[in-house]
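# Remarks on the overall topology
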Amino acid sequence: VLEGRERVGGRVATDRDTFSVPVDLGASIITGVSANVSRDMRYDPSVTVLGQIGAELTEELGRECPIFDVVEGCRISGETDEKVASLWDNLLNVASYKALNEYKSARK
């Protein structure tokens with residue numbers, strides 16, 4: 001791997017020196033948003049960003065969270081979507097199990 005800077009991570013970095021708390025720089029994931037329960041819709045975090053720049057969302061996905069094939073430019077099949085969801089759920093289960101075991105070990 002060839003890095004363009006003296007640190008690993010490319011454009012992603014955490015600044016731990018400037019403020020009293022760490023601040024992520026570069027790519028980030030928006031979290032901590034809640035669903036629109038009255039409309040039975042999952043919240044789309046891009047709405048937050050769009051609001052900050054004065055733009056608006058032109059299409060709402062409702063409870064869907066479709067995955068698109070970036071090569072073909074189309075939505076993936078329901079079967080593939082279910083496989084991806086299953087793999088994701090399994091990954092989260094394994095990570096949770098590992099984190100819990102490490103936490104228990106550290107408390108001994």
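Residues numbered from 1 in each chain as written. Predicted model: local features only at pLDDT ≥ 70, side-chain atom pairs only at ≥ 80, totals over all residues. Heavy atoms only, no water.

### Things to note about the overall build of the protein
Stated formally: Each helix is a run of H or I in the DSSP string that is no shorter than four residues. Each strand is a run of E no shorter than two, and both are numbered from the N terminus. Buried means the residue's accessible area, taken with a 1.4 Å probe over protein chains only, is under 20% of the maximum for its type, while exposed means over 50%, and partly exposed covers the values in between. Here a residue-residue contact requires only that any non-hydrogen atoms of the pair lie within 4.5 Å.
For the protein, the helix and strand inventory stands at 2 helices and 4 strands. Along the protein, helices and strands appear, N-terminal first, in the series β-β-α-β-β-α. Classification of the 108 residues of the protein by burial places 6% in the buried group. Put simply, of all contacts in the protein between residues at least 6 apart along the chain, 0% involve residues at least 24 apart.

### Focus: the pattern of salt bridges
Note the following rule: What makes a salt bridge here is a side-chain nitrogen of Lys or Arg within 4 Å of a carboxyl oxygen of Asp or Glu, nothing more.
For the coordinates displayed, the defined rule picks out 2 salt bridges. Where Glu102 meets Lys98, a salt bridge forms, and the shortest distance between an N and an O atom there is 4.0 Å. Residue Glu102 and its partner Lys98 are located together in helix α2 (residues 78–107), separated by 4 residues, close to a single helical turn. Under the relative-accessibility criterion, Glu102 is labelled partly exposed at 48%.

### Regarding the environment of Val23
One can find Val23 in strand β2 (residues 23–25). Each C-alpha atom, one on Val23 and one on Ala13, is 8.5 Å from the other, the two residues being 10 residues apart in sequence. Those residues in contact with Val23 that lie beyond four places of it in its chain are Ala13, Thr14 and Asp15.

### Some thoughts on the side chain of Asp15
Heads up, the condition is: In this tally, Asp and Glu contribute negative charge and Lys and Arg positive charge; neither His nor the terminal groups of the chain are included. What qualifies as a polar contact is a pair of N or O atoms within 3.5 Å, subject to a donor-acceptor requirement within protein and to the restriction that residues adjacent in sequence count only when both atoms come from side chains.
Residue placement: Asp15 occurs in strand β1 (residues 13–15). Buried Asp15, no salt bridge; nearest opposite-charge side chain is Arg16, N-O distance 8.2 Å. Among the polar contacts listed, one links the side chain of Asp15 to the backbone nitrogen of Asp17, at a separation of 2.9 Å. With residues up to four places along the chain from it excluded, the contact list for Asp15 reads Val21, Pro22, Val23 and Leu25.

### Describing a nonpolar patch on the surface
Applicable threshold: Exposure above 30% relative accessible area and the lack of any salt bridge qualify a residue for a patch; like charges then connect within 9 Å, and the nonpolar side chains Val, Leu, Ile, Met, Phe, Trp and Tyr within 5 Å. Values of accessible area rely on a 1.4 Å probe in the Shrake-Rupley scheme; residue burial ignores everything except the protein chains shown.
The grouping of Trp88, Leu91 and Leu92 at the surface amounts to a nonpolar patch, some 320 Å² of accessible area in total. By the element assignment, Trp88 lies in helix α2.

### Notes on the confidence of the model for the protein
Under the convention used in this document: Scored from 0 to 100, pLDDT reflects the predictor's confidence in each residue.
Overall, the predicted model of the protein reaches an average pLDDT of 76, with 67% of residues at or above 70. Mean pLDDT in the protein bottoms out at helix α1 (residues 46–52), which sits at 73, and peaks at α2, which reaches 88.

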